[in-house]
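Chain and residue survey
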Amino acid sequence: MTKIILFSFFLQLSISALSQSHGVLGRWKTIDDETGKPTSVIEIFEKHNKFHGRIIELIDSKSKNPKCEKCEGEDHNKPIIGMTVLKGLKKNKEGGYSDGKILDPKHGKVYKCNLSLESKDRLKVRGFIGIALLGRTQIWERVKG
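Residues numbered from 1 in each chain as written. Predicted model: local features only at pLDDT ≥ 70, side-chain atom pairs only at ≥ 80, totals over all residues. Heavy atoms only, no water.

The subject of this paragraph is the overall build of the protein chain. Looking only at helices and strands, the protein chain has one helix and eight strands in total. Its helices and strands in sequence order give the protein chain the pattern α-β-β-β-β-β-β-β-β, from N to C terminus. The buried share among the 145 residues of the protein chain stands at 29%. Long-range contacts, defined as pairs at least 24 residues apart, comprise 36% of the intrachain contacts of the protein chain with a sequence gap of at least 6. (Helix = DSSP H or I, 4+ residues; strand = E, 2+ residues; numbered from the N terminus. Buried < 20%, exposed > 50% of the residue type's maximum accessible area, 1.4 Å probe, protein only. Contact = heavy atoms within 4.5 Å.)

Spelled out as structure tokens, the structure:
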């Protein structure tokens, strides 16, 4: 009986650790830090041990398939839906994600980016220039279901 209890305990501990290890994966509703309104849904995925995010839905968009007119380089005039806006984040020792970049398609600007989970359903997204103190933070909410 003791072996069964110990096995169950370690199994639950392992499952919990696995679910926490890549907790940012999945779909997130972005919340505009100025208006407090949802703007899009971003799907965060892992590729080659780095984390990226692409826009899969725009909420209340005036255009069915807007293009990133203010973006520069390879993203100029590309459709916003399907665009990868989070790039190259690495999981760090503190449990957050850093050393990435985030594209703001509204203004066409690219910023350095860090992510950290506030809870399993709340993601703190920090975009900045230079050092993390000089930037803006948004809270994204996990899309359930």
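We are not done yet, so read on.
With that settled, consider the state of the cysteines. In the structure shown here, the tally under the stated rule is one disulfide. Note on cysteine connectivity: C68 is disulfide-linked to C71, with sulfurs 1.7 Å apart. Every disulfide takes its handedness from the sign of the S-S torsion; for C68 and C71 that torsion is 60 degrees, giving right-handed. Of the residues examined, C68 reaches a relative accessible area of 1% and is grouped as buried. On the basis of relative accessibility, which here comes to 3%, the residue C71 falls in the buried class. (Disulfide = S-S within 2.5 Å.)

Before going further, it helps to examine the pattern of salt bridges. Taken as a whole and judged by the stated rule, the model has seven salt bridges. Of the charged contacts, one joins R27 and E43 as a salt bridge, the two residues approaching to 4.0 Å between their closest N and O atoms. Of this pair, R27 sits in strand β1 (residues 26-31) while E43 sits in strand β2 (residues 38-47), placing them 16 residues apart in sequence. On the basis of relative accessible area, R27 is assigned to the partly exposed category, the value being 43%. R142 is the partner of D121 in a salt bridge, and the nearest nitrogen-oxygen pair spans 3.4 Å. Of this pair, D121 sits in the loop between β6 (109-119) and β7 (122-128) while R142 sits in strand β8 (residues 135-142), placing them 21 residues apart in sequence. With relative accessibility at 17%, the residue D121 sits in the buried group. By relative accessible area, which is 22% here, R142 ends up partly exposed. (Salt bridge = Lys/Arg side-chain N within 4 Å of Asp/Glu carboxyl O.)

Scanning the entire structure with this criterion turns up one aromatic pair. With 5.0 Å between their ring centres and 75 degrees between their planes, F51 and Y97 make a pair best called edge-to-face. You can see F51 sitting in strand β3 (residues 50-58) and its partner Y97 sitting in strand β5 (residues 97-104), a full 46 residues away along the chain. Like Y97, F51 is buried. (Phe/Tyr/Trp six-rings, centres within 6.5 Å; stacked < 30°, edge-to-face > 60°.)

What follows deals with a nonpolar patch on the surface. Judged by side-chain polarity, I131, L133 and L134 come together as a nonpolar surface patch covering roughly 350 Å² of accessible area. For L133, the location among the structural elements is in the loop between β7 and β8. (Patch = residues over 30% accessible without salt bridge, like charges linked within 9 Å, V, L, I, M, F, W, Y side chains within 5 Å. Areas by Shrake-Rupley, 256 points an atom, 1.4 Å probe, with all protein chains shown as cover.)

Once that is clear, we can look at the nonpolar core. The biggest cluster of nonpolar side chains holds 21 residues, and the ones touching the most others in it are I44, L86, L115, L123 and W140. Where this core is concerned, the elements lending two or more residues are β2, β3, β4 (84-91), β5, β6 and β7. Excluding its chain neighbours within four sequence positions, the residues that come into contact with L115 are I44, L86, L89, G96, Y97, L123, K124 and V125. (Core = buried A, V, L, I, M, F, W, Y, C linked by side-chain atoms within 4.5 Å.)

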